[in-house]
Amino acid sequence: MQTPTRILLVEDDAADEELTVRALREQRLAGGLTVARDGEEAMRHLEAGPVPRVVFLDLKLPKLDGAAVLQRIRAAERTRHVPVVILTSSREEPDIERCYRLGANSYLVKPVDAEGFQRAVTEAGLYWMMRNHAPGSP
Amino acid sequence: VAAVALVTVGIAAYRSVLRLEAETSARNATNRSIAALGDLLGQLAAAESAKRGHLLVPDGSFRAAYLEAWDQVPADTARLRRLAGRLPMLGGLLDTLAPLLAAKRAVQDSVVALADAGRAGAARELVARGVTRELMDRIRAGVEGAVAELQAAAAAADRAVDVAGRRTRRVVAVAEVTALAVLALAGLAIGRQLAARTRAEAALRARESELQQVIDGVPVGIMVFDRAGRTRYMNRRAPEILGGTGDRPDLARVPEVFQVVEAATGRPFPAERLPAARALAGETCHADDLAVCSPGRPVPVEVWAAPVRDEQGRVALAVTAFADISARVRAEQEIAALNAELSRRVAELEELNRELETFSYSVSHDLRAPVRAMDGFARMVLEDHGAALPEEGRRRLAVIRERSQHLGRLIDGLLRLSRVGRCPLAPEAVDMEAAVTEALTDLDPVDLSRVELDRGPLPGAPADPTLVRQVWTNLLANAVKYSRPAAAPRILIRGEIRGAEAVYSIADNGVGLDPAHAGRLFGVFQRLHRPEEFEGTGIGLALVQRVVQRHGGTVGAEGAPGAGARFWFTLPLEA
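Please read these numbers as outputs of a predicted model, since none were measured by experiment.

Peer 1: Which residues make up the overall build of chain A, and what are the values?
Peer 2: A count of helical and extended segments in chain A gives 5 helices and 5 strands. Reading chain A from its N end, one meets helices and strands in the order β-α-β-α-β-α-β-α-β-α. Relative to its 138 residues, chain A shows a buried fraction of 56%. Counting only carbon and sulfur atoms, one obtains 49% of the accessible surface of chain A, whose full area is about 6700 Å².

Peer 1: So, the overall build of chain B: which residues are in play, and what are the values?
Peer 2: Looking only at helices and strands, chain B features 14 helices and 13 strands. Here chain B holds 575 residues, and 36% of them are scored as buried. In the structure as shown, chain B presents an accessible area of about 31900 Å², 58% of it carried by carbon and sulfur atoms.

Peer 1: Account for the packing of helix α2 (residues 39-48) of chain A against helix α3 (residues 66-75) of chain A, with residues named and values stated.
Peer 2: All names here are of chain A. Running from N to C, α2 and α3 cross one another at 15°; their axes reach a closest spacing of 9 Å. In terms of their interaxial angle, α2 and α3 are classed as roughly parallel. In this structure, α2 meets α3 at a crossing whose hand is right-handed. Taking contact as the criterion, the partners of Gly39, Ala42, Met43 and Leu46 in α2 are, on α3, Val69, Arg72 and Ile73. When grouped by side-chain class, the residues that make up the contact of α2 with α3 number 5 nonpolar, 1 polar and 1 charged.

Peer 1: Tell me what's going on with the nonpolar core, and back it up with residues and numbers.
Peer 2: Residue and element names in this part refer to chain B. Among the nonpolar cores identified, the biggest contains 45 residues, and Met432, Trp472, Leu476, Tyr504, Phe567 and Phe569 are the most heavily contacted of them. Broken down by element, the residue count for this core peaks at 8 residues, all from helix α13 (residues 465-482). Counting 32 residues, the second-largest nonpolar core is a separate cluster that includes Ala84, Leu87, Val107 and Val143.

Peer 1: Residues and numbers for the pairing of strand β1 (residues 221-226) of chain B, please.
Peer 2: All names here are of chain B. Counting buried positions along β1 yields 6 of 6 residues, so the element is predominantly enclosed. Neither face of β1 is exposed, since Gly221, Met223 and Phe225 on one face and Ile222, Val224 and Asp226 on the opposite face are all buried. The sheet contact formed by β1 and strand β6 (residues 315-324) spans 6 bridges and is antiparallel. Residue pairing in the sheet places Met223 in a bridge with Thr320 of β6. Sheet analysis places β1 next to strand β2 (residues 231-234), joined by 3 bridges and oriented antiparallel. From the neighbouring strand, Met223 faces β2, where its bridge partner is Met234. In this structure, the hairpin formed by β1 and β2 is closed by a connection of 4 residues, where Gly229 is found at a positive phi of approximately 85°.

Peer 1: Please give an account of the interface of chain A and chain B that cites residues and values.
Peer 2: Often, the extent of an interface is quoted as the loss of accessible area on bringing the components together. Taken together, the contacts link 25 residues of chain A with 24 residues of chain B. Broken down residue by residue, the surface that chain A buries against chain B is led by Arg22(A), Arg91(A) and Val112(A), which jointly contribute 30%. The tally of links between chain A and chain B comes to 5 salt bridges. Here Asp384(B) makes a salt bridge to Arg22(A), at a shortest N to O gap of 2.7 Å. Run the count over chain A and chain B and you get 9 residue pairs in polar contact (both at pLDDT 80 or more). Counting only elements with at least two residues in the side of chain A that touches chain B, the list comes to α1 (14-26), α4 (93-101) and α5 (114-131) of chain A. Looking at the side of chain A that touches chain B element by element, the count peaks at 6 residues for α1(A). Residues belonging to the side of chain A that touches chain B are distributed by class as follows: 7 nonpolar, 4 polar and 14 charged.

Peer 1: Run through the pattern of salt bridges, naming residues and quoting values.
Peer 2: Throughout the structure, instances matching the rule amount to 48 salt bridges over all chains. The partner of Arg372(B) in a salt bridge is Asp16(A), with the nearest N and O atoms 2.7 Å apart. Of this pair, Arg372(B) sits in helix α9 (residues 326-385) while Asp16(A) sits in helix α1, placing the two residues on different chains. On the basis of relative accessible area, Asp16(A) is assigned to the buried category, the value being 1%.

Peer 1: Describe the sheet that holds strand β8 (residues 452-455) of chain B, with residues and values.
Peer 2: All names here are of chain B. With mixed pairing, 5 strands are arranged side by side in an open sheet as β8-β10-β11-β13-β12. Two strands bound the open sheet, and with one partner strand each, they are β8 and β12 (555-559). Across the sheet, the axes of successive neighbouring strands diverge by a mean angle of 15°, strand direction being ignored. Judged from the 8 bridges that link them, strand β10 (residues 490-498) and strand β11 (residues 501-508) form a sheet pairing that is antiparallel. Residue pairing in the sheet places Ile493 in a bridge with Ile506 of β11. Lying over the sheet, helix α11 (residues 432-441) contacts β8, β10, β11 and β13 (565-572), oriented at roughly 165° with respect to β8.

Peer 1: Just give me the short version of the side chain of Asn474(B), but keep the residues and values in it.
Peer 2: Residues and elements named next belong to chain B. Inspection of the secondary structure puts Asn474 in helix α13. Take Asn474: its relative accessible area is 15%, and that puts it in the buried class. There is a polar contact of 3.0 Å between the side chain of Asn474 and the backbone oxygen of Gly540. In this view, Asn474 contacts Gly540, Leu543 and Val544; residues no more than four positions away in its chain are not counted.

Peer 1: Lay out the environment of Asp216(B) in plain terms, naming residues and giving numbers.
Peer 2: Residues and elements named next belong to chain B. Here Asp216 is to be found in helix α5 (residues 131-217). With 18 residues separating them in the primary sequence, Asp216 and Met234 have C-alpha atoms 8.9 Å apart. Within polar-contact distance, the side chain of Asp216 engages the backbone nitrogen of Arg236 at 2.7 Å.

Peer 1: Account for unusual backbone geometry, with residues named and values stated.
Peer 2: Residue and element names in this part refer to chain A. With phi around 60°, Arg28 is a residue other than glycine that occupies positive phi space. Inspection of the secondary structure assignment puts Arg28 in the loop between α1 and β2 (33-36). One non-glycine residue with positive phi stands out, namely Lys63, at about 65°. Relative to the helices and strands, Lys63 is located in the loop between β3 (54-57) and α3. When its relative accessible area of 65% is taken as the criterion, Lys63 is described as exposed.

Peer 1: Please set out the environment of Lys104(B) residue by residue, giving values where relevant.
Peer 2: Residue and element names in this part refer to chain B. Note on placement: Lys104 falls in helix α3 (residues 88-116). Separated by 31 residues in sequence, Lys104 and Leu135 place their C-alpha atoms 6.0 Å apart. With residues up to four places along the chain from it excluded, the contact list for Lys104 reads Glu48, Trp70, Thr132, Leu135, Met136 and Ile139.

Reading the values: the criteria
- Every chain is numbered on its own, with residues counted from 1 as its sequence reads.
- Chains and ligands are labelled by the order in which they are written, letters from A for the one and numbers from 1 for the other.
- pLDDT decides what is reported in this predicted model: residues at 70 or higher carry local features, side-chain atom pairs at 80 or more are listed and counted, and totals for whole chains, interfaces and linings draw on all residues regardless.
- Computation of side-chain values covers all heavy atoms of the structure but excludes hydrogens and water.
- Each helix is a run of H or I in the DSSP string that is no shorter than four residues. Each strand is a run of E no shorter than two, and both are numbered from the N terminus.
- The buried label goes to any residue with under 20% of its type's maximum accessible area, the exposed label to any with over 50%, and the partly exposed label to all in between, with areas taken from a 1.4 Å probe on protein chains only.
- Accessibility throughout is a Shrake-Rupley quantity obtained with a 1.4 Å probe, and a residue counts as covered only by protein chains that appear here.
- Note on geometry: axes are C-alpha line fits, over the in-contact stretch for helices, and angles between N-to-C directions span 0 to 180 degrees.
- Roughly parallel means an angle under 35 degrees; roughly antiparallel, over 145; roughly perpendicular, 65 to 115; everything else is oblique.
- Crossings are classed by handedness, with left-handed meaning an anticlockwise turn of the near helix from the far one by less than a right angle and right-handed meaning a clockwise turn.
- Working rule for contacts: check all heavy atoms of both residues, and any pair within 4.5 Å makes them a contact.
- Three classes are used, and their members are as follows: Ala, Val, Leu, Ile, Met, Phe, Trp, Tyr, Cys and Pro are nonpolar, Asp, Glu, Lys and Arg are charged, and the others, Gly among them, are polar.
- Among buried residues, the Ala, Val, Leu, Ile, Met, Phe, Trp, Tyr and Cys ones that are joined through side-chain atoms within 4.5 Å form a nonpolar core.
- Paired strands are those between which DSSP finds at least two bridges.
- Summed over both partners, the accessible area lost on bringing two parts together, with a 1.4 Å probe, is the buried area.
- Throughout this description, the term salt bridge denotes a Lys or Arg side-chain nitrogen within 4 Å of a carboxyl oxygen of Asp or Glu.
- Two N or O atoms count as a polar contact when they lie within 3.5 Å, although within protein this holds only if one can serve as hydrogen donor and the other as acceptor, and sequence-adjacent residues are included solely when both atoms are side-chain atoms.

Put into structure tokens, the structure is as follows:
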């Protein structure tokens, strides 16, 4: 059986992508991981592909930025309840407020140091994949 | 008073003269009475002589004289009777004399008749009986008594006339003196009045000159217009303000020489709205939107105008006062220009702020990602290939990781600092003791466990709770960090109200600081120690200062090398 998309990672920075994927893989969470490198690509996956269990969303993205993607996720019936974790470098208050207003479930500022980053990604992945009961999940 | 005096004196003089006349006329009556009485005695003596003659020579030659003498007697008594109206005593005398005269005539007539009848002897006998002599004596005694009385009266009258004369002369003299005095007084009074009038005129001239100087001296132009709108007067300042040479122009030419325009547009000012016109209509008014065009450029003026009314309350004149407000207008223009400049600068500053925000956002996003990659990928190399690397290779990778992490902390510190400068303050009453307790949870518990904390009571203050907690965290972390070398690290936390602000301090017994560098402590990236001694970004104290300054407080540090350091900050109690 094909592993369904469980995590959609929207990230344009290749290095961050690699670090994130590595952190998730270490926790055996990378199975069914899909990576989108800009907002439009993310939307294609969300509209055409299976609904992910969780979306890790960077804010600063080419073409369609993270906030717009979040807005569309919440606007579409099939993705309305998908947990969205904002994973960004921005500590800016307006961004944080705006994301929560648009319906983000979590807002994580990527730590600069490697251990901190790994911990943040791991904890978020574990929480949303293991602990959280989404509607329709077993 | 002069008139009363004159009239009184005149009346006195007139009465005095009347009295003199009366006295004089009484004196005349007395004289005439004495003469009449003398005449009467004369007539009686003549009759006596004629009777004796007739007795001696009865040929009738004396008869005529005898009769003639007696004929005169009634005339004399009649004279005396008339005078008795003035001299009443004559009336009594005449009444006494009348029977005596009648008896004497009867006896003498009898003697004469006897002599005529040739009976001389009987006649002589009758005479010898002395009847007539006795009668005569009584008559003479009465008359002489009356004469003596009259003469005494006459003497008295003379004296009276004399007295009256003297009094009259005196009265007249007094009258003359009085008249002279009155004249002198009148002259004096007139002189005095003239002097007073002269003085009053001089005072009036002095006052007029004073007023003129005052009106000329005030720093506003003053012009007075009559009902026809003609210029009646202008003070010295007026033509100066109006842009003339300072000479007062021919008043009739004022409307041609000085034209009033609207300050804003330069168009002729509507005649009916001119302050002088409004004042002539009875209005007290003020205007500063006009300018006066003399031969030069328009001078902006501020004008006050008021009607001047006559005694009937009708508007007779309009007085206008005006000041040159060029300086004010210029100042206002300058202020407007400055304000515009300020607005522009504020806009620029806001734009700069926005740029800074954008910049810090991109720093946040764009710088952190590469640094994270450096650290992350170095770590991956160490994890995946560490075993294959020589010791020195692993050490160098570790240096890359350490320095990139430090760079990350610097970037994060800078971002926090910039956020503190930009984020809006949300002040509330902060419980400082609770804030310190919370801040202590931010610190490394291992480091903290080595330190003896001495916490005094702390007054509350209005502040942004998140930011003030950051201040405590940074200062406490500092104190913990720099007291690490001490044998028994001790940190004193104190607070008090001093005047209108709360003062807080954190003192440690650590490495201390050089007072010469205390001022540099709060600068960004300023560090007094090498990183090998104490880790740090050089941003913590800069952040403390930024937060405290944004609250209107001040920060400071004091200490000596090896003797610990004391940091303090203040917060105003009235936000």
